[in-house]
Amino acid sequence: MDEVFKALADPSRRALLDSLNARNGQTLRELCAGLDMARQSVSKHLAVLEAAGLVATVRRGREKLHYLNAAPVHEIAHRWISRYDQARVQALADLKLALEETPMDAPTFVYTTYIRTTPQKLWQALTEPAFTRRYWATEFNTDWSVGSPMTWDNHGVLISDPEQVVLEAEPYSRLSYTWHAITPELAKRFGWDEELLARLSGEARSKVTFTIEEAAQVVKLTVVHDGFEPGSSLAEMVSHGWPNVVSSLKSLLETGEPLPDDA
């Protein structure tokens, strides 16, 4: 975690994180315009933040968009912070919360982490029920061919819909599919009221994309969840859910056990 703490120690880099916390998915030009820093300085600071895993980038055509990535701080909270008295590390908990609760004005969720595994095992963990039910309480019934339908068993609730389909499936490198439909049965399972169910059901369908990249002795996993409307309630919900899912996936692959349900 040395790189994370060193990256956060610089006030200019914290200012960049504040800017992304206020509006995620900015280009280098947009970040420069909002801060009193030269373009070269901003580029150097972004490189440090990206090396520490605090910033993730996504290409959209010719543009490179920068996103605040909560993974390193989330992993500190799960794997390291519990060794100490909670009151003494409340500042870190507050920082974790601030990094995860990014506004949803243009809600595209990006989360990057590094896992000590292989691309083959990570692909299995993303697609095979024996893995997904352990860290996600979710299973997929599909042949993983592009265009194939997907039936979700989401926390014991079966969800079938003709628009739930596989969008991309390149084994060991890239996987993408449309997000599940919102149903009354799912609302009952999670205790959502009628107002929230109606709001979620009325939103446009989103999609999730997993990119797998081998890097030395680890594998880089990037999760992008997008296609939301501005002000999306579902976008806010998944922004809290994905860090827990990915952290539990990482724990399962590295230790053989997912994180406990209350982690």
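Everything quoted here is computed from the prediction, not taken from an experiment.

Calculation rules
Residues numbered from 1 in each chain as written. Predicted model: local features only at pLDDT ≥ 70, side-chain atom pairs only at ≥ 80, totals over all residues. Heavy atoms only, no water. Helix = DSSP H or I, 4+ residues; strand = E, 2+ residues; numbered from the N terminus. Buried < 20%, exposed > 50% of the residue type's maximum accessible area, 1.4 Å probe, protein only. Polar contact = N/O pair within 3.5 Å; in protein donor to acceptor, adjacent residues only side chain to side chain. 1 Å grid on protein atoms, 1.4 Å probe; cavity = no way out; pocket = protein on both sides within 12 Å on 5 of 7 lines; lining within 4 Å. Points joined across faces, edges and corners; volume = space filled by probe spheres on them. Phe/Tyr/Trp six-rings, centres within 6.5 Å; stacked < 30°, edge-to-face > 60°. Lys NZ or Arg CZ within 6 Å of the ring centre and 35° of its normal.

(A) Broad picture of the side chain of His-180. Mapped onto the fold, His-180 is located in the loop between β8 (174–178) and α9 (184–190). Taking the relative accessible area as the measure of exposure, His-180 reaches 8% and is therefore buried. At 3.3 Å, the side chain of His-180 forms a polar contact with the side chain of Asn-154. Here the side chain of His-180 touches Trp-179 through a polar contact of 3.5 Å, side chain to side chain.

(B) Structural detail: the layout of surface pockets. Taken as a whole, the largest pocket encloses approximately 730 Å³ of empty space. In this structure, the largest pocket is lined by 25 residues; those nearest its centre are Trp-136, His-155, Phe-190, Gly-241 and Val-245. When residues of the lining of the largest pocket are traced back to their parent elements, those giving at least two are α8 (129–136), β5 (151–154), α9 and α11 (233–255). In terms of residues, the lining of the largest pocket owes the most to one element, α11, which gives eight residues.

(C) View of the packing of aromatic side chains. On inspection of all chains with the given rule, the structure shows 17 aromatic pairs. Between Phe-140 and Trp-144, the ring centres sit 5.7 Å apart and the planes meet at 75°, which makes this aromatic pair edge-to-face. The burial state of Phe-140 is the same as that of Trp-144; both residues are buried. Taken together, the ring pairs in this structure connect Tyr-135, Trp-136, Phe-140, Trp-144, Trp-152, Tyr-177, Trp-179, Phe-210 and Trp-242 into an aromatic cluster. A cation over a ring is seen here: Arg-189 above Phe-190, with NZ or CZ 5.0 Å from the ring centre.

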